[in-house]
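Spelled out, the chains give:
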Amino acid sequence: MTGTEHFDQAAATWDLADRRVLLARAVSEAIANRVPLSQELTVLDFGCGTGLVTLELAPMVRSITGADTSPGMLKTLAEKAKTQGTPVHLIPLDATETGKLGGPYDLIVSSMTLHHVADVAALFNQFTQHLRPGGQVALADLDEEDGTFHDASMTIHHRGFSRDQIQTWLAEAGFREINLETATITQKDGKGYPVFLATARWH
Ligand SMILES: C[S@@+](CC[C@H](N)C(=O)[O-])C[C@H]1O[C@@H](n2cnc3c(N)ncnc32)[C@H](O)[C@@H]1O
């Protein structure tokens, strides 16, 4: 099963796992604590999934766009946004294509998606093409883990990341004011997995 098929199948029941809802809420709070959100900001949520973070942030910003490679995830997000009466723009992505992210945005956020992306350094470079000058990123993902976070059936590209590696990739892409902190520790099957939040500003 491809990653996209996995997420398409998981979409309808994704939000039923309390740990995912709690994680998205904690990440959203960490973002709001680190980045001054306002009704001036246009925001992209890269790898938005069912919109757990997208819909938390939506009331705090002018507009928000969710981009994802899984049509099933985007469909679930569209239904939730309609039910809640929250306007969300959606961008279906093909993992092999670049340049479709739209914008320019004031802020690009992402939660728990980077470890599914093969070339994260290239992705950070891509983000710079879709940010306004002075725009920011706020990116949350797993610290390095031992491979137990995902089922063996799930193909992932990274077992979390070292914070030094994320810092290096952001700096090489031209970001400044780079900060890494712990957003939360997510619990799965009785084990805690630290999740970092990386924030940085584009020129
Ligand atoms: C673990 S889920 C996280 C979803 C959401 N951000 C959340 O916090 O609930 C990862 C998401 O990334 C998406 N994804 C995987 N690879 C991607 C890629 N290369 N580009 C964009 N989205 C991707 C998946 O379809 C899935 O919705």
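Residues numbered from 1 in each chain as written. Predicted model: local features only at pLDDT ≥ 70, side-chain atom pairs only at ≥ 80, totals over all residues. Heavy atoms only, no water.

Re the overall build of the protein chain
What counts here: By definition, any uninterrupted DSSP run of H or I lasting at least four residues is a helix, any uninterrupted run of E lasting at least two residues is a strand, and each is numbered from the N terminus. Only C-alpha atoms enter the radius of gyration; for comparison, a globular chain is expected to reach 2.2 Å times N to the power 0.38, where N is the number of residues. Relative accessibility thresholds used throughout: buried, under 20% of the residue-type maximum; exposed, over 50%; partly exposed, between the two (1.4 Å probe, protein chains only).
The number of helices and strands found in the protein chain is six helices and seven strands. When the helices and strands of the protein chain are placed in sequence order, the string is α-α-β-α-β-α-β-β-α-β-α-β-β. The C-alpha atoms of the protein chain give a radius of gyration of 16 Å, which matches the 17 Å a tight globule of 203 residues would have. When its C-alpha atoms are laid out on the principal axes, the protein chain stretches across 40 × 40 × 30 Å. Counting all 203 residues of the protein chain, 51% fall into the buried class.

Quick word on the packing of helix H1 (residues 3-10) against helix H4 (residues 71-84)
Pairs of packed helices are described in terms of their axes, by the angle between the two and the distance that separates them. Inclusion rule: Whenever a helix is involved, its axis is fitted only over the stretch in contact; in every case the axis is a line through C-alpha atoms, and angles between N-to-C directions fall within 0 to 180 degrees. Angles are sorted into four bins: roughly parallel if under 35 degrees, roughly antiparallel if over 145, roughly perpendicular if 65 to 115, and oblique for all others. Note on contacts: a residue pair qualifies if any of its non-hydrogen atoms lie within 4.5 Å across the two residues.
Viewed as axis vectors pointing N to C, H1 and H4 meet at an angle of 30°, and their least axial separation amounts to 6 Å. When the interaxial angle is binned, H1 and H4 end up roughly parallel. Contacts from Thr 4, Phe 7 and Asp 8 in H1 reach Pro 71, Gly 72 and Met 73 in H4.

Some details on the nonpolar core
What counts, and what does not: Note on terminology: a nonpolar core comprises buried Ala, Val, Leu, Ile, Met, Phe, Trp, Tyr and Cys residues joined through side-chain atoms within 4.5 Å.
By size, the foremost hydrophobic cluster in this structure holds 37 residues, and its most contacted members are Ile 31, Val 43, Ile 64, Val 109, Ala 138, Val 195 and Leu 197. When residues of this core are traced back to their parent elements, those giving at least two are H1, helix H2 (18-34), helix H3 (54-57), H4, strand E4 (105-111), strand E5 (131-142) and strand E7 (191-201). The element contributing the most residues to this core is H2, with five residues. Residues Leu 44, Leu 93, Val 120 and Ala 198 belong to the second largest nonpolar core, which totals 28 residues.

What about the site of the ligand?
Spelled out, the test is: Only heavy atoms are used to decide nearness, and a residue is near a molecule or strand if one of them lies within 4 Å of it. Nitrogen and oxygen atoms within 3.5 Å of one another constitute a polar contact, given that in protein one can donate a hydrogen and the other can accept it, and given that sequence-neighbouring residues count only through two side-chain atoms. For accessible areas, the Shrake-Rupley method is used with a probe of radius 1.4 Å. Any residue's cover is judged against the shown protein chains and nothing else. Put simply, Ala, Val, Leu, Ile, Met, Phe, Trp, Tyr, Cys and Pro go in the nonpolar bin, Asp, Glu, Lys and Arg in the charged bin, and everything else, Gly too, in the polar bin.
Not every one of the 18 residues close to the ligand is listed here, only the nearest: Gly 47, Asp 68, Thr 69, Ser 111 and Thr 113. A distance of 2.5 Å separates an oxygen atom of the ligand from a polar side-chain atom of Asp 68. Here a nitrogen atom of the ligand and a side-chain polar atom of Thr 69 are 3.3 Å apart. When isolated, the ligand has an accessible area of 590 Å², and the protein chains bury 91% of it. Its residues assigned to classes, the shell around the ligand comprises ten nonpolar, seven polar and one charged.

A few points about the packing of aromatic side chains
Pairs of aromatic rings are described using the distance from one ring centre to the other and the angle between the two planes. Note the threshold: Two aromatic rings, drawn from Phe, Tyr or Trp (for Trp, its six-membered ring), form a pair once their centres lie within 6.5 Å of each other, and the interplanar angle then sorts them: stacked below 30 degrees, edge-to-face above 60, tilted otherwise. The rule for a charge over a ring is simple: NZ of Lys or CZ of Arg within 6 Å of the ring centre, and within 35 degrees of the ring normal.
Scanning the model with the defined rule gives seven aromatic pairs in all. Taking 6.1 Å as the distance between ring centres and 80° as the angle between the ring planes, the aromatic pair formed by Phe 161 and Trp 169 counts as edge-to-face. No difference in accessibility class separates Phe 161 from Trp 169, as the two residues are buried. Grouped by ring-pair contacts, the aromatic residues Phe 46, Phe 124 and Phe 127 constitute a single cluster. Stacked on the ring of Trp 14, the Lys or Arg Arg 20 has its end atom at 3.6 Å from the ring centre.

Some words on the pattern of salt bridges
The criterion, for reference: The working definition used for a salt bridge is a side-chain nitrogen of Lys or Arg within 4 Å of a carboxyl oxygen of Asp or Glu.
Summed over the entire model, instances satisfying the criterion amount to nine salt bridges. Here Asp 146 ties to Lys 191 by a salt bridge, and the two come within 2.6 Å at their closest N and O atoms. Of this pair, Asp 146 sits in the loop between E5 and helix H6 (163-172) while Lys 191 sits in strand E7; the two residues are 45 residues apart in sequence, bridging distant segments of the chain. By relative accessible area, Asp 146 is classed as partly exposed at 44%. Beyond isolated ion pairs, a larger network of salt bridges with shared partners links Arg 176, Glu 177 and Arg 201.

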